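A look at the structure
Given next are the chains, with one letter for each unit.
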Amino acid sequence: MPRRKVVRMISFATHVRDQPDMLSRHIAEWDTFPQKVLDQLEFIVVDDCPTKYAVEVQRPYLKVLLSRDQMPWNYGIKNLLAQEAKYDWVLETNIDHLLTLPCALQLLELNLERHKYYRPLRYNFNEGDDSRWSGKPHIGTLLIHKDDLWSVGGYDEDFSGHYGHEDGFLKHCLAANGVEEVLLPSVVLRNYSNGGEISDADFIQNPQWDRDLVRNNALFEKKKRGKPRASKPLIRFAWSYGPLVWSPNEQV
């Protein structure tokens with residue numbers, strides 16, 4: 001008897017803060033997806049406390065959430081994305097990584113297994129872009145079953161407010177708890193980080209977002225000596241379903 005094909009469902013989860021051009025690039029790409037592909041996908045975006053450009057776009061395939069906390073590097077957003085994603089398999093990534101139709105088709109055809117998580121590669125396709133990360137996986141991009149993510153407590157929000165290591169500690173926790181990392185060398189996201197085509201693709205040039213690692217370096221080393229699990233509580237900030245219905249200067 002022929003083996004029945006599994007119909008895979010995936011939630012693509014990302015977040016923006018005042019990045020209308022990069023989000024528009026995503027929407028333009030997703031709008032080209034055939035309906036039969038969209039029927040297997042959800043796109044979920046957290047609008048991370050915007051100060052200039054609230055997410056107003058509406059699409060049947062798109063869910064918009066709103067963070068009401070102005071802190072930079074709010075890693076709890078990644079837990080919120082997983083919590084609110086409607087599908088069990090969630091592809092978490094940063095907004096500068098674009099899911100094209102060929103890439104989506106490859107992911108939907110994968111034989112995904114529990115107790116494993118998957119990392120695609122990324123590539124800067126535009127001539128003249130900084131390509132130092134091309135052909136390498138992005139530590140903040142992973143396709144994971146929500147039960148495996150929650151088995152280690154999700155992302156540790158103790159790192160929030162400061163730069164770095166929330167994804168490194170998650171990787172440490174997953175490995176320590178027997179959740180295996182699998183690289184996907186043939187699946188390549190289009191990367192716009194450090195590129196010239198879309199100026200708001202990332203926060204590299206944003207001086208308001210401090211990238212000093214001193215505080216989180218020390219926290220990372222301390223946590224690696226402890227239990228490989230995220231600290232509670234999760235989602236330590238006010239949020240609501242989008243679009244924007246409040247003033248960024250409103251006290252919460």
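In short, a report on the structure. (Residues numbered from 1 in each chain as written. Predicted model: local features only at pLDDT ≥ 70, side-chain atom pairs only at ≥ 80, totals over all residues. Heavy atoms only, no water.)

**A look at helix α1 (residues 20-30)**
Each α-helix turn comprises 3.6 residues. Residues three or four places apart therefore point the same way. What counts is decided by this rule: Only protein chains enter the calculation, and the probe is 1.4 Å; a residue is then buried if its accessible area is under 20% of its type maximum, exposed if over 50%, and partly exposed in between. Think of it this way: any DSSP run of H or I at least four residues long counts as a helix, any run of E at least two long counts as a strand, and we number them from the N terminus. Arc definition: directions from the helix axis to the C-beta atoms. Two residues qualify as a contact provided that any one of their heavy atoms is within 4.5 Å of a heavy atom in the partner residue.
Taken together, the buried positions of α1 are Met22, Leu23, His26, Ile27, Glu29 and Trp30. Each buried residue of α1 sits inside an arc of 160 degrees when the element is viewed along its axis, so together they form one side. In this structure, the buried side of α1 is in contact with β1 (10-16), α2 (35-38), β2 (41-48), β3 (62-67), β5 (97-98) and α4 (101-108).

**Quick notes on the nonpolar core**
Test applied: Put simply, buried Ala, Val, Leu, Ile, Met, Phe, Trp, Tyr and Cys residues joined by side-chain atoms within 4.5 Å make one nonpolar core.
Counting 35 residues, the largest nonpolar core has Trp30, Phe43 and Leu99 as its most contacted members. Elements with a contribution of two residues or more to this core: β1, α1, α2, β2, β3, β4 (89-92), α4 and β9 (180-191). Setting aside chain neighbours within four positions, we find Leu99 in contact with Phe12, Glu29, Trp30, Phe33, Phe43, Leu91, Ala104, Leu107 and Leu189. In this structure, Trp73, Ala82, Val152 and Leu170 belong to the second largest nonpolar core, which totals 19 residues.

**A short note on the pairing of β9**
Using the following cut-off: By definition, two strands form a pair when at least two bridges between them are found by DSSP.
As paired elements, β5 and β9 share 2 bridges and run antiparallel to each other. From the neighbouring strand, His97 faces β9, where its bridge partner is Asn191. As paired strands, strand β6 (residues 116-123) and β9 are joined by 8 bridges and run parallel to one another. When the sheet's bridge partners are listed, Arg119 is paired in β9 with Leu183.

**Quick look at the pattern of salt bridges**
We apply this condition: Within this document, salt bridges are pairs made up of a side-chain nitrogen of Lys or Arg and a carboxyl oxygen of Asp or Glu, the two lying within 4 Å of each other.
Under the counting rule described, the total for this entry stands at 14 salt bridges. Note that Lys78 and Glu166 form a salt bridge whose closest N and O atoms lie 2.7 Å from each other. Linking Lys78 in helix α3 (residues 76-84) with Glu166 in helix α6 (residues 166-176), this pair joins segments that are 88 residues apart in sequence. Residue Lys78 shares its accessibility class with Glu166, and that shared class is buried. What emerges from the salt-bridge pattern is a single network uniting Asp156, Asp158, Lys223 and Arg236.

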